[in-house]
Amino acid sequence: MRIESEHSASFIADLHIHSRYAFACSKSLSLDTLSAWAARKGIDLLATGDFTHPLWAEELRSGLEVGTNGLYVYHGVSFVPGTEISCVYKQGGRTRRIHLLVLMPNLDAASALTRRLDDHGKLTNDGRPTVSLSARDLLSVALDCHPDAMVIPAHAWTPWYGVFGSKSGFDSLDECFGDLAPLVTAVESGLSSDPAMNSWVSELDSRSVVSFSDAHSPARLGREMTALKGELSWDGLSKSLRGSGVEFTVEFYPEEGKYHYSGHRKCGVVYGPAEEAEYGTSCPVCGKELTLGVLHRISELASEPTGAEYAAGPDGWIRPDGRRPPFVRLAPLQEIIAAMMGIGVNTRRASREYNRLTDHFGNELAVLLYASMSDLLPIAGEGLTRAILGVRSGDVAVEPGYDGVYGSIKLASADKTG
């Protein structure tokens, strides 16, 4: 049984991933595992990740087939050359550390960019290399290599390495990219924010807000992803990201992201808006400034009142306002299964149940977002069905993450099962 979505004219993309050559990433990341997991997750298009690393670039060239649509194909999954670059430089009297996603239309253009970047960093050290270029200059170099190159600020709000981050970011895209800012047409929200939060900042009204997984292991693919309008092709991708081509996004619960609230991990201090208003942003234990979280930073740069609540309907969809596409907050299916069974998420039992459900319904997104109660009950059983539908409609409790510590969600339905 395959569940078909109402968004058949769009394709699902995850454009922020890594290979096994990136620091702190699974050694099992390969074209085989990436394509297999993408199909199981319901993803049509993946970025290759890490194309600047010479060993991974060689694997991409030998393994990927050229498709008829300007993309590459491996075992039925489409790929586009993409990587994450860490720019470390000084601007405005401060050290800036900015992560950027770079998409190139073909592997030749990706190789040309790699050659240019080789003068600015050690590309063999990490699949996500660090280069001594400003964000503006990296965009300029990418465009020199191919006029259709696209650059997207990665996890834009995180304190470390986000373009708007509290530690080393900027107050605006204009400040960061200067005269090339109009060419930055999309930003990645990151796990600790969602489109509703980003809608508070008017500078983003003219940009697409996209969501991707930043997967460091195959199973993490698709924990956030974006449905893009139009045909699955380089031209379709380019038009979507340069215009208003986002159909919808699949989001983490932003509180679950590891920088949602402010705090100090070592001191065990967590501050939300209420605590910040009462006590300020200095740590009561060590006296230093807290690591200011994404919610704080978005509120700081907001151009309109914040704090509006956006509730999911029974079908899961959230529509922040007329300016933004709808989105849905979900949790990974294997985590839901593990929580309901009271077992570890990486256990064989959880994996078997995950595979059984995704085999039956076609993919994980079909289970989490499109399968109805009548679809789910005879296959998943009452408890798991209630949990899946509860996550879809927002019937969860979330303990917010802070200063590098992931938040956690508790399924309300878990308390209702024996």
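Residues numbered from 1 in each chain as written. Predicted model: local features only at pLDDT ≥ 70, side-chain atom pairs only at ≥ 80, totals over all residues. Heavy atoms only, no water.

Student: Just give me the short version of the overall build of the chain, but keep the residues and values in it.
Tutor: A count of helices and strands for the chain gives 14 helices and 19 strands. Taken over the C-alpha trace, the chain has a radius of gyration of 21 Å; the compact-globule value for 418 residues is 22 Å, and the two agree within 12%. Overall size of the chain, expressed as C-alpha extent along the three principal axes, is 60 × 55 × 40 Å. Looking at the 418 residues of the chain, the share that counts as buried comes to 57%. (Helix = DSSP H or I, 4+ residues; strand = E, 2+ residues; numbered from the N terminus. Rg over C-alpha atoms; globule rule 2.2 N^0.38 Å. Buried < 20%, exposed > 50% of the residue type's maximum accessible area, 1.4 Å probe, protein only.)

Student: Give me the lowdown on the packing of aromatic side chains, citing residues and values where you can.
Tutor: Tallying each qualifying case throughout the model produces five aromatic pairs. Seen from their ring centres, tyrosine 21 and tryptophan 56 are 6.3 Å apart, and the 50° between their planes marks the pair as tilted. Of this pair, tyrosine 21 sits in the loop between strand E1 (10–14) and helix H1 (31–41) while tryptophan 56 is found in helix H2 (residues 54–63), placing the two residues 35 residues apart along the sequence. On the basis of relative accessibility, which here comes to 0%, the residue tryptophan 56 falls in the buried class. In this structure, arginine 96 is placed above the aromatic ring of phenylalanine 170, and the distance from its NZ or CZ to the ring centre is 4.1 Å. (Phe/Tyr/Trp six-rings, centres within 6.5 Å; stacked < 30°, edge-to-face > 60°. Lys NZ or Arg CZ within 6 Å of the ring centre and 35° of its normal.)

Student: With reference to specific residues and values, describe the pattern of salt bridges.
Tutor: A side chain of one charge can pair with a side chain of the opposite charge if their charged atoms are brought near each other. According to the stated counting rule, one finds 15 salt bridges in the structure shown. With its nearest N and O atoms 4.0 Å apart, the salt bridge here joins arginine 96 to glutamate 175. With arginine 96 in strand E7 (residues 94–103) and glutamate 175 in helix H5 (residues 173–177), this residue pair connects regions lying 79 residues apart in the sequence. Residue class for glutamate 175 comes out partly exposed when judged on its relative accessible area of 36%. With its nearest N and O atoms 3.7 Å apart, the salt bridge here joins arginine 116 to aspartate 144. Of this pair, arginine 116 sits in helix H3 (residues 107–117) while aspartate 144 sits in helix H4 (residues 135–145), and the two are 28 residues apart along the sequence. The class for arginine 116 is partly exposed, based on a relative accessible area of 37%. With a relative accessible area of 53%, aspartate 144 lands in the exposed category. (Salt bridge = Lys/Arg side-chain N within 4 Å of Asp/Glu carboxyl O.)

Student: Could you give me a rundown of the side chain of glutamate 251, with the residues and numbers involved?
Tutor: Along the chain, the position of glutamate 251 falls in strand E13 (residues 246–251). This buried residue, glutamate 251, is left without a salt bridge; arginine 329 holds the nearest opposite charge, at 7.3 Å. Residues contacting glutamate 251, with those up to four places away along its chain left out, are Ser189, Ser193, Asp194, Pro195, Ser211, Arg223, Glu224, Phe327, Val328, Arg329 and Leu330. (Lys, Arg positive; Asp, Glu negative; His and termini not counted. Contact = heavy atoms within 4.5 Å.)

Student: Give a detailed account of the pairing of E1, specifying residues and quantitative values.
Tutor: Burial of E1 is extensive: five of the five residues sit out of reach of the surface. Of the two faces of E1, the one lined by Ser10, Ile12 and Asp14 and the one lined by Phe11 and Ala13 are each fully buried. Alignment of E1 against strand E12 (residues 225–229), held across four bridges, turns out to be antiparallel. Each residue of the ladder has a partner; that of isoleucine 12, found in E12, is alanine 227. Examined bridge by bridge, E1 and strand E2 (residues 45–47) share two bridges and lie parallel to one another. (Pairing = 2+ DSSP bridges.)

Student: An account of the sheet that holds E13 is requested, with residue identities and associated values reported.
Tutor: With respect to topology, nine strands assemble into an open sheet ordered E3-E4-E5-E2-E1-E12-E13-E17-E16, the strand pairing being mixed. Edge positions in the sheet fall to strand E3 (65–66) and strand E16 (317–318), since each of these pairs with one other strand and no more. Inspection of the sheet shows E12 paired to E13 by four bridges, in the antiparallel sense. In the sheet register, threonine 226 faces E13, and the bridge partner there is threonine 249. Where helix H7 (residues 234–242) meets the sheet, it contacts E1, E2, strand E5 (77–80) and E12, and its direction lies at approximately 100° from that of E12. (Axes fitted to C-alpha atoms, helices over the stretch in contact; angles between N-to-C directions.)

Student: Help me get a handle on unusual backbone geometry, residues and values and all.
Tutor: Here aspartate 50, not a glycine, exhibits a phi torsion of approximately 60°, which is positive. Within the secondary structure, aspartate 50 is located in the loop between E2 and H2. The phi dihedral of tyrosine 161 is positive, around 80°, even though this residue is not glycine. Within the element layout of this structure, tyrosine 161 appears in the loop between strand E9 (150–153) and H5. According to the relative accessible area criterion, tyrosine 161 is partly exposed, its value standing at 30%.

Student: Just give me the short version of the sheet that holds strand E6 (residues 82–91), but keep the residues and values in it.
Tutor: On the basis of which strands lie adjacent, the open sheet formed by four strands has the order E8-E6-E7-E9 and mixed pairing. Edge strands, defined here as strands with exactly one partner in the open sheet, are strand E8 (130–131) and E9. Here E7 pairs with E9 via four bridges, running antiparallel. Along E9, the bridge assignment pairs leucine 103 with methionine 150. Strand contacts of H7: E7 and E9, with the helix running at about 45° to E9, the strand carrying the most contacts.

Student: Go over helix H13 (residues 373–380) with me, naming the residues and quoting the values.
Tutor: Of all the residues in H13, the buried ones are Asp375, Leu376 and Ala380. With its buried residues spanning 85° around the axis, H13 presents them on a single face. Away from the buried face of H13 by more than 90 degrees, exposed residues Ser374 and Pro378 are located. Just beyond H13, the residue with positive phi is glycine 381, at close to 85°. (Arc of directions from axis to C-beta.)

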